[in-house]
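Chain and residue survey
Below, each chain spelled out in residue letters.
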Amino acid sequence: MLDKNEPRHIFMAFSFGIIVISPVFLVLLPSFIANNLYQVTNTWVVVVPAKVYVLYGLGMLFLFMATFFLWIMSVNKTSKWLAAICVLLSISLMADGSARYIGVSTDGISFKRGVAETGQHYAWSNIQHVVYRENPQGGGFPKFDFYFKDGDMVTLPENRNVRVFHNMIRKTLQNEEIEVKRK
């Protein structure tokens, strides 16, 4: 016969499992998903903005809270409602995170700023000018700020994946006669 605390112990194990797996999940999954969703044959690199890691982290926190409520509150009706709300919040945060990316390819720059936004693609010829910030004010990686002719702008951090393509980006900008300002 099943012990009446059995479901409670299962959710305790799920809670601890989420805590243990979260660091690996947060480091690997956002870029894996972005590369699988947005990388096409002519794409050099796909980068996920730092905000994506925050969204995935919050999603994992809500997922942990869902199992935690079920464990602490002994799987009662209130805990089930709280867990359902937490799971929905987790899914929505992770879905929004998976919709954010910046891609650099042979024919231009593509990006999407969230699940509610449409994806943008600008050919290299639609770039008005570029600002390369070697030492950004907030610290971190050097950044390319791409300003487009329609007034839009996107910032590409030069992390280790982008650094490999630094010379190709500079050469393409030079071939298109796009002004690059260094700061």
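Cut-offs used in this document
- Residues numbered from 1 in each chain as written.
- Predicted model: local features only at pLDDT ≥ 70, side-chain atom pairs only at ≥ 80, totals over all residues.
- Heavy atoms only, no water.
- Buried < 20%, exposed > 50% of the residue type's maximum accessible area, 1.4 Å probe, protein only.
- Helix = DSSP H or I, 4+ residues; strand = E, 2+ residues; numbered from the N terminus.
- Pairing = 2+ DSSP bridges.
- Core = buried A, V, L, I, M, F, W, Y, C linked by side-chain atoms within 4.5 Å.
- Contact = heavy atoms within 4.5 Å.
- Axes fitted to C-alpha atoms, helices over the stretch in contact; angles between N-to-C directions.
- Phe/Tyr/Trp six-rings, centres within 6.5 Å; stacked < 30°, edge-to-face > 60°.
- Expected span 1.5 Å × (residues − 1).
- Polar contact = N/O pair within 3.5 Å; in protein donor to acceptor, adjacent residues only side chain to side chain.

Of all the seven residues making up strand β5 (residues 127-133), five are buried; the element is thus mostly covered by neighbouring parts of the structure. Both β5 and strand β6 (residues 143-148) contribute to a ladder of six bridges, which runs antiparallel. Bridge pairing in β6 places H129 opposite Y147. Note that β5 and strand β8 (residues 179-182) share four bridges and pair parallel.

On to the nonpolar core. Grouped together as the largest cluster of nonpolar side chains are 22 residues, with contacts concentrated most on I109, W124, I127, F146, L156, I169 and L173. For this core, the secondary-structure elements that each account for two or more residues are β1 (43-47), β2 (100-105), β3 (108-113), β5, β6, β7 (153-157) and α5 (166-175). Contact partners of L156, with chain neighbours within four places excluded, come to V47, I102, V104, P142, K143, F144, F146, V162 and I169. Grouped together as the second largest cluster of nonpolar side chains are ten residues, A34, V48, M60 and M94 included.

Another point: the sheet that holds β6. Taking strand neighbours across the sheet as the criterion, the four strands line up as β7-β6-β5-β8 in an open arrangement whose pairing is mixed. Whereas interior strands pair on both sides, the edge strands pair on one side only; in this sheet they are β7 and β8. In this sheet, neighbouring strand axes are inclined to one another by 20° on average, regardless of whether the strands run parallel or antiparallel. Contacting β5, β6, β7 and β8, α5 crosses the sheet at an angle of about 30° to β6.

Per the stated rule, a full pass over the model turns up 14 aromatic pairs. Consider the rings of W44 and W124, whose centres lie 6.1 Å apart with planes at 35°: the pair is tilted. Here W44, found in strand β1, pairs with W124, found in the loop between β4 (120-123) and β5; they are 80 residues apart in sequence, far enough to count as distant. Ring geometry for F68 and W71: centres 5.6 Å apart, planes at 80°, overall edge-to-face.

What follows concerns unusual backbone geometry. Phi at V75 is positive, roughly 50°, even though this residue is not glycine. By the secondary structure assignment, V75 is in the loop between α2 (50-72) and α3 (77-98). Here the phi dihedral of E177 falls at roughly 55°; this positive angle occurs in a residue that is not glycine. Within the secondary structure layout, E177 lies in the loop between α5 and β8.

What follows is about the sheet that holds β2. Note: strands within a sheet are paired through backbone hydrogen bonds, in either parallel or antiparallel orientation. Reading across from one edge, β1-β2-β3-β4 is the order of the four strands in this open sheet, with antiparallel pairing throughout. Taken across any chain shown, the strands that pair with only one partner, and hence form the sheet edges, are β1 and β4. When the angles between neighbouring strand axes are averaged without regard to direction, this sheet yields 15°. Bridge analysis of β1 against β2 gives four bridges, and the strand direction is antiparallel. Along β2, the bridge assignment pairs T43 with S105.

A separate point is α3. For α3, with 22 residues, the first-to-last C-alpha span of 32 Å sits near the 32 Å given by 1.5 Å per residue. Within the sequence span of α3, burial applies to S79, A83, C86, S90, L93, M94, D96, G97 and S98. Residues of α3 that are buried in the fold lie against α1 (6-38), α2 and β2. The N-cap of α3, judged by a side-chain oxygen 3.2 Å from the amide nitrogen of T78 a few residues on, is N76.

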